[in-house]
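# Coordinate inspection notes
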Amino acid sequence: MPSETVFRNAVRNLLEEQTFKATAPCRVDAGGTWDIKAMALPFEKEEPTTVNIALDLRTSVTVSAHREGFVKITSRGFEGAVEAESGRFALRPPFGAYFAAAAHFGLDGLLIHIDSASPVKSALGGSSAALVALIRVLGALSRKASAGRAPKRQETLLLAYHLEDALQGGCGGMQDQAAAVFGGVSGWRWTYSRPARPFARTRLLDGPGCEALSRRMLVAFSGKEHVSVVTNRQWVEDFLEGKTRRAWLEANRAVSALARAIEGRKWAEAARLVRREMATRRDITPEALIPETAALIDEAEACGCGARFAGAGAGGSLWAIGPEEAIDRLRTGWRKRLSGIPGGRILDCGVDPRGVRLETARLPKPR
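The rules behind each value
Residues numbered from 1 in each chain as written. Predicted model: local features only at pLDDT ≥ 70, side-chain atom pairs only at ≥ 80, totals over all residues. Heavy atoms only, no water. Phe/Tyr/Trp six-rings, centres within 6.5 Å; stacked < 30°, edge-to-face > 60°. Helix = DSSP H or I, 4+ residues; strand = E, 2+ residues; numbered from the N terminus. Buried < 20%, exposed > 50% of the residue type's maximum accessible area, 1.4 Å probe, protein only. Lys NZ or Arg CZ within 6 Å of the ring centre and 35° of its normal. Contact = heavy atoms within 4.5 Å. Axes fitted to C-alpha atoms, helices over the stretch in contact; angles between N-to-C directions. Parallel < 35°, antiparallel > 145°, perpendicular 65-115°, else oblique. Left-handed = near helix turned anticlockwise from the far one by under 90°. Nonpolar A, V, L, I, M, F, W, Y, C, P; charged D, E, K, R; others polar. Salt bridge = Lys/Arg side-chain N within 4 Å of Asp/Glu carboxyl O. Disulfide = S-S within 2.5 Å. Core = buried A, V, L, I, M, F, W, Y, C linked by side-chain atoms within 4.5 Å. Polar contact = N/O pair within 3.5 Å; in protein donor to acceptor, adjacent residues only side chain to side chain.

## Looking at the packing of aromatic side chains
- Summed over the entire model, instances satisfying the criterion amount to 13 aromatic pairs.
- Measuring from centroid to centroid gives 6.2 Å for Y161 and Y192, while their planes differ by 35 degrees, and the two rings are tilted. With a gap of 31 residues between them, Y161 in helix α5 (residues 153-167) and Y192 in the loop between β6 (185-190) and β7 (199-203) connect regions that are remote in the sequence. Here the two residues Y161 and Y192 agree in accessibility, since each one is buried.
- Summarising the aromatic geometry, the rings of W235 and W248 are spaced 6.2 Å apart at their centres and angled 55 degrees between planes, so their arrangement reads as tilted. Of this pair, W235 sits in helix α8 (residues 229-240) while W248 sits in helix α9 (residues 245-263); the two residues are 13 residues apart in sequence, bridging distant segments of the chain.
- Through successive ring pairs, a cluster of aromatic residues spans Y161, F182, W188, W190, Y192 and F199.
- Positioned above the aromatic ring of F70, the side-chain terminus of R67 is 3.7 Å from the ring centre.

## Remarks on the environment of V120
- Among the secondary structure elements, V120 is positioned in the loop between β5 (110-116) and α4 (126-146).
- Taking the relative accessible area as the measure of exposure, V120 reaches 23% and is therefore partly exposed.
- Between the C-alpha atom of V120 and that of D238, which follows or precedes it by 118 residues, the distance is 29 Å.
- When neighbours within four sequence positions are excluded, V120 is seen to be in contact with R76, G77, F78, F221 and E225.

## Notes on the packing of α4 against α5
- The N-to-C vectors of α4 and α5 enclose an angle of 125 degrees; their axes lie 9 Å apart at closest approach. In terms of axis orientation, α4 runs oblique to α5. Crossing handedness for the pair α4 and α5: right-handed. On the side of α4, the interface is formed by S127, S128, L131, V132 and I135, while α5 contributes T156, L159, A160, L163 and E164.
- For the contact of α4 with α5, the residue count by class is six nonpolar, three polar and one charged.

## Structural notes on the pattern of salt bridges
- Tallied over the full model, the rule gives 25 salt bridges.
- Salt-bridge contacts for D176 lead to R27; the nearest nitrogen and oxygen are separated by 2.7 Å. Here the residue D176 occupies a position in helix α6 (residues 175-182), and R27 occupies one in strand β1 (residues 18-30), the gap between them amounting to 149 residues. In this pair, the class of D176 matches that of R27, namely buried.
- Each of R27, D29, D176, E277, R281 and R308 takes part in one network of salt bridges that share partners.

## Some words on the state of the cysteines
- Inspection of every chain in the model, using the stated rule, returns zero disulfides.
- C26 forms no disulfide, and the closest cysteine sulfur to it belongs to C349, at a distance of 7.1 Å.
- For C26, a relative accessible area of 1% corresponds to the buried category.

## Points about the nonpolar core
- Membership of the largest hydrophobic core comes to 53 residues, with the highest contact counts inside it found for V63, L110, I112 and L141.
- Looking at this core, the element that brings in the most residues is α4, giving 11 residues.
- With residues up to four places along the chain from it excluded, the contact list for L110 reads L15, V63, S64, H66, F70, V71, K72, A102 and L138.
- The next biggest cluster of nonpolar side chains, apart from the first, holds 33 residues, and it includes A30, C210, V219 and A270.

## Considering the packing of helix α11 (residues 291-302) against helix α12 (residues 324-338)
- Remark: α11 packs on α12, axes separated minimally by 10 Å, with the N-to-C direction vectors making an angle of 160 degrees. Compared by their axis directions, α11 and α12 come out roughly antiparallel. In this structure, the crossing between α11 and α12 has a hand that is right-handed. Here α11 contributes A295, L296, E299 and A300 to the contact with α12, which in turn contributes L330, G333, W334, R337 and L338.
- Within the contact of α11 with α12, the residues separate by chemical class into six nonpolar, one polar and two charged.

## Structural notes on the side chain of S142
- Relative to the assigned elements, S142 resides in helix α4.
- Discounting chain neighbours no more than four positions away, the residues touching S142 are F7, F105 and L107.

## Quick notes on unusual backbone geometry
- A cis amide bond, omega 5 degrees, links P93 with the succeeding residue P94.
- Along the chain, P94 falls in the loop between β4 (82-85) and α3 (96-105).
- The backbone of K121 shows a phi angle near 55 degrees, a positive value even though the residue is not glycine.
- Examined against the element boundaries, K121 turns out to sit in the loop between β5 and α4.

## Some words on the side chain of S116
- Relative to the assigned elements, S116 resides in strand β5.
- A polar contact is formed between the side chain of S116 and the side chain of T59, at a distance of 3.0 Å.
- Among the polar contacts listed, one links the side chain of S116 to the side chain of S118, at a separation of 2.8 Å.
- When near neighbours in sequence (up to four residues on either side) are disregarded, S116 contacts R58, T59 and R76.

## Quick look at the environment of R143
- Summarising the element assignment, R143 is placed in helix α4.
- We classify R143 as partly exposed; its relative accessible area is 31%.
- Separated by 208 residues in the primary sequence, R143 and V351 have C-alpha atoms spaced 31 Å apart.
- Sequence-distant contacts of R143, defined by excluding residues within four places in its chain, comprise G148, R149 and A150.

This is how it looks when you write it as structure tokens:
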């Protein structure tokens, strides 16, 4: 293992010779919140399940050389840049997790730029996708600088999850990072009693299946930004006190059945099961719906589709699933309704079968 000075110099030389970039997909989901350890671990025998769908709205993270001893972060959609000295990073939103990743790898002299194809604070897991992409880049840099090995996919997932969960005070889930790492359409069963592998993943659709689902789903942004931490915390507290537990278990049964319906490409049945989960969610998570998203979900159900908010809701995005002809009808209705909402729009996206990807390119040599 090289000395710290040799290691840092090797990283700087790499960044002066190449650009390092990684991209990762965001996601929509059903059964989110069950990926939070406080809920999933005590009720592991109930097979807590989340279904998520990676979207080809990818978040990219590019790392280049910066002045020694400092890390600087810029992001599309956020005003200005944030720069901090090594050892004095503020591990607070909006960029605390990225500073924490740099500190974990013992790196500075980094300029980190984040660019996402999804709207800012849209509840599509873009911040977690950015962290996964950053860890992929920093892992590759560390490997090349020290002749070691980059983190494997599961290691990348666990590191990203634990960093975010720690900074959120233990109220974070794993599904956002999981979709970003693996891509595709997945059913996740959360098994936190096995710390080395706290999930069991079922790949629900192959490549042609992902294309088929892309024609049978619709994703929209409500025009309203969302922040999930406070909402999730209240849901977990109500669950732990027993106020909403029975309903949460019913929602979990619906999502487990949804995974089987998607795997069997039974689109009308999948729509029915999303409606079933959403009916339960209306009772136990009413704050997840705002008037705009409630109206869009009602319209989807009237068309024969199922729809729900993404992530923790309370603004952000929502998605719908159903037979192809029902989705075509819904697209017309949603487009008309969203045209009257500032910032609201249907998002041009489909299923992304790919997870996180690393790209490097040689910089031109100075003349």
